[in-house]
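Residue-level listing of the chains:
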Amino acid sequence: MTDNPQSSAGPRHIAIVMDGNGRWASQRGRPRTAGHHAGAKSVRAVVEHAVELNVEVLTLFAFSSENWQRPPTEVQVLMDLFLRTIRRELAELRKNGVRLKFIGNRDNLSGNLRSSMAQAEELTAGNSRLELVVAVDYGGRWDIFNAARRLALDCAEGRLDVQQLTEADYASRLSLASHPAPDLFIRTGSEKRVSNFLLWDLAYSELYFTDVLWPDFDAACLQAAVEWYAGRNRRFGRVHASG
Ligand code: FPP
């Protein structure tokens, strides 16, 4: 994982917490699930604009490790929506040069969803215009714990010497090890927290919070966030980015 010292060059990696679907629906007297359906349309708009902006990686938090605690009907609607969205959008994503990758624990997902995810990853593996990373049953703590467990196993089974371990040995076992770190983190829906998203990866990300609810977040909203990012002075703990 590498940090990008340039903000004026535009973000290489944008990570988004898509919050506010339920409130968007409630404001319209509709069930929360209507907000998730509307939210899927924002995903399409944002992916298209990210391609236009030459963003390399766009990571979306679709379902957290904690979201299983929502009412079972809402969880089911979300799972169905993921499955249908993958099936519906796959051809368009392939045409636009988008590579799909899923991160998170797949063990508790349905067989149908797991195989659609694997198939989408395989069919888009040769694309390089934008990598769309979708986090499903993902938690930053899960990711960190997993990496630690893998590292411990490699030490216990003699593949690595614990005395020689480096930070890079650890980081290389995280879900986004081979990706640039997110330059810009966006959270919609007013809340100002990271909510167990990419905890390790966000160390030096610029954090952008907006009151816009996710179903209302469109290309212009993404543009506004990217323009805000362009004005940031990224220092990574130093006095100047280049110092
Ligand atoms: C948070 O809003 C949103 C989610 C937990 C689900 C996000 C899913 C989508 C946008 C659907 C489509 C996604 C893909 C990748 C196909 P919330 O329900 O917590 O809203 P609230 O805070 O207003 O209750």
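Above this text is the structure in question.
So, here is what we can say about the structure in this document.

Rules and cut-offs
Residues numbered from 1 in each chain as written. Predicted model: local features only at pLDDT ≥ 70, side-chain atom pairs only at ≥ 80, totals over all residues. Heavy atoms only, no water. Axes fitted to C-alpha atoms, helices over the stretch in contact; angles between N-to-C directions. Helix = DSSP H or I, 4+ residues; strand = E, 2+ residues; numbered from the N terminus. Parallel < 35°, antiparallel > 145°, perpendicular 65-115°, else oblique. Left-handed = near helix turned anticlockwise from the far one by under 90°. Contact = heavy atoms within 4.5 Å. Nonpolar A, V, L, I, M, F, W, Y, C, P; charged D, E, K, R; others polar. Buried < 20%, exposed > 50% of the residue type's maximum accessible area, 1.4 Å probe, protein only. Pairing = 2+ DSSP bridges.

For the rest of this paragraph, the subject is the packing of helix α2 (residues 32-52) against helix α7 (residues 219-230). Running from amino to carboxyl end, α2 crosses α7 at an angle of 50°, the nearest separation of the two axes being 8 Å. One way to sum up the angle between α2 and α7 is to call them oblique. In this structure, α2 meets α7 at a crossing whose hand is right-handed. Mapping the contact onto sequence places V46, H49 and A50 in α2 and A219, L222 and Q223 in α7. The residue inventory of the contact of α2 with α7, partitioned by class, reads four nonpolar, two polar and no charged.

Of all eight residues making up strand β2 (residues 57-64), eight are buried, and the element is well covered by its neighbours. The sheet contact formed by β2 and strand β4 (residues 130-138) spans seven bridges and is parallel. Residue F63 lies in a different strand from β4, and its bridge partner there is V136.

Okay, the sheet that holds β4 next. The strand order across the open sheet formed by six strands is β3-β4-β2-β1-β5-β6, and the pairing between neighbours is parallel. Both outer strands of the open sheet, β3 (98-103) and β6 (206-209), are each paired with one neighbouring strand and no more. Neighbour-to-neighbour, the strand axes of the sheet open up by a mean angle of 20°, direction not taken into account.

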